[in-house]
Amino acid sequence: MVEDKILTISGIGKSFGGLHILKNISLEVEKGERIGIIGPNGAGKTTFFNLLTGDLEPSFGEIYYGKANISKQPNYKRARNGIVRTFQKNNLLNELSVIDNLLLVLQRKNGIGHVWFKQRGAKQYRDLYTKADELLEKWGLFHQRNAIVKNLSYGEQRQIEILLGVATEPTILLLDEPTAGMSQSETNHIVDLLYKLPKDLTVMIIEHDLEIVFGLADRMIVLFEGEILIDGPPEVVKKDEKVNKIYIGSGDEVKC
Ligand SMILES: Nc1ncnc2c1ncn2[C@@H]1O[C@H](COP(=O)(O)OP(=O)(O)O)[C@@H](O)[C@H]1O
Ligand SMILES: [Mg+2]
């Protein structure tokens with residue numbers, strides 16, 4: 001296996017009952033790639049993410065994270081090792097402020113999850129706050145520092161979720177339809193955030209808005225009926241006849 005492949009997916013699939021939802025998916029992912037995943041509803045995109053995160057076990061095939069076979073590794077271990085997803089469910093603690101949510105994530109990341117604040121030294125306490133404030137500043141969310149999560153709009157909460165995901169300093173970030181259900185201005189904020197993600201972070205993004213995903217991705221994968229229809233550079237995928245048939249029912253280019 002080549003050293004620089006962060007992820008090697010070898011013939012994975014998932015069946016529910018007798019139904020083959022995902023069939024024989026193989027791909028290799030390099031560090032820092034921005035992979036857009038599109039396909040009609042029910043194509044198997046979210047199921048694919050579930051296999052990558054360990055929320056579902058593959059029915060067949062193997063997943064390697066670097067050289068380690070993680071096919072059967074539980075989700076919490078994969079998350080701890082850097083494979084992080086957002087938008088599967090609301091991961092925020094709604095009754096707490098944004099800064100407190102962030103402090104909890106940073107605290108866990110530093111391996112001190114079971115130690116209460118008051119038991120730690122003043123310096124360690126201050127360092128966590130400094131780090132949290134830096135992150136809020138960097139991601140343009142400082143104005144929401146003291147807001148209680150439940151009082152934020154849906155779009156604002158999704159932004160905080162991305163921030164919490166990034167705060168764990170993942171190696172691979174999986175985003176499942178990050179702009180779904182958002183207003184135009186909320187969508188714009190999310191897209192701004194996505195463009196600010198560190199360059200060495202590997203990002204896989206499922207997104208129904210073709211303009212957004214073709215703009216962000218340096219590689220596009222189209223899933224169709226549980227299989228990879230095409231995997232290639234955006235400019236190639238955009239012009240692909242099969243892809244255009246799926247999207248607009250004609251041989252024309254994807255309009256974006
Ligand atoms: N836990 C499950 N049990 C049975 N069928 C499922 C389950 N999860 C997903 N499916 C089915 O698998 C197919 C693909 O779903 P999904 O991966 O959510 O598609 P997408 O995200 O591309 O819209 C759908 O037909 C869906 O109904
Ligand atoms: Mg889905």
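Moving on, we come to the site of ligand 1. Near ligand 1 you find Phe16, Ile21, Gly39, Asn41, Gly42, Ala43, Gly44, Lys45, Thr46 and Thr47, and these make up its full shell. Per-element accounting of the shell around ligand 1 gives the leading share, three residues, to helix H1 (residues 45-53).

It is worth spelling out unusual backbone geometry at this point. Positioned with a positive phi, glutamate 169 is a non-glycine residue whose angle comes to about 50°. Position of glutamate 169 among the secondary structure elements: in the loop between helix H5 (154-167) and strand S7 (172-176). At glutamate 225, a position not held by glycine, the phi torsion is positive, near 50°. Tracing the sequence through the fold places glutamate 225 in the loop between strand S9 (219-224) and strand S10 (227-232).

So, about the packing of H5 against helix H6 (residues 184-195). Orientation of H5 relative to H6, taken along the N-to-C sense of each, is 10°, at an axis distance of 9 Å. As far as their axial angle goes, H6 and H5 are roughly parallel. Residue-level inspection shows Gly155, Arg158, Gln159 and Ile162 of H5 in contact with H6, the latter providing Glu186, His189, Ile190 and Leu193. The class makeup of the residues in the contact of H5 with H6 is three nonpolar, three polar and two charged.

This paragraph deals with the environment of leucine 229. Looking at where leucine 229 falls in the secondary structure, it is placed in strand S10. Residue leucine 229 is classed as partly exposed on the basis of its 18 C-beta neighbours within 10 Å. Spatially, the C-alpha atom of leucine 229 lies 9.1 Å from that of glycine 39, the residues being 190 residues apart in sequence. Not counting the four nearest positions on each side in its chain, leucine 229 is found in contact with Val222, Leu223, Phe224, Lys242 and Val243.

What follows covers the pairing of strand S1 (residues 5-16). Bridging between S1 and strand S2 (residues 19-30) involves eight bridges; their strand directions are antiparallel. What sits directly across from isoleucine 12, in S2, is isoleucine 25. Linkage of S1 to S2, two consecutive antiparallel strands, is achieved through a turn of two residues, within which glycine 17 is found at a positive phi near 60°. Strand direction decides the pairing type here: S1 and strand S4 (residues 60-65), joined by five bridges, are antiparallel. Directly across from isoleucine 9, in S4, lies its bridge partner isoleucine 63.

Moving on: the nonpolar core. Ranked by internal contacts, the top residues of the largest apolar core, which has 51 residues, are Ile37, Leu102, Leu163 and Leu174. For this core, the element with the highest residue contribution is H5, accounting for six residues.

Here we take up the environment of valine 236. For valine 236, the location among the structural elements is in helix H8 (residues 234-239). For the pair formed by valine 236 and arginine 219, sequence separation is 17 residues and the distance between their alpha carbons is 9.5 Å.

Cut-offs used in this document
Residues numbered from 1 in each chain as written. Chains lettered and ligands numbered in written order. Predicted model: local features only at pLDDT ≥ 70, side-chain atom pairs only at ≥ 80, totals over all residues. Near = placed C-beta within 6 Å. Helix = DSSP H or I, 4+ residues; strand = E, 2+ residues; numbered from the N terminus. Axes fitted to C-alpha atoms, helices over the stretch in contact; angles between N-to-C directions. Parallel < 35°, antiparallel > 145°, perpendicular 65-115°, else oblique. Contact = placed C-beta atoms within 7 Å. Nonpolar A, V, L, I, M, F, W, Y, C, P; charged D, E, K, R; others polar. Buried ≥ 20, exposed ≤ 12 C-beta atoms within 10 Å, placed from the backbone. Pairing = 2+ DSSP bridges. Core = buried A, V, L, I, M, F, W, Y, C linked by C-beta atoms within 7 Å.

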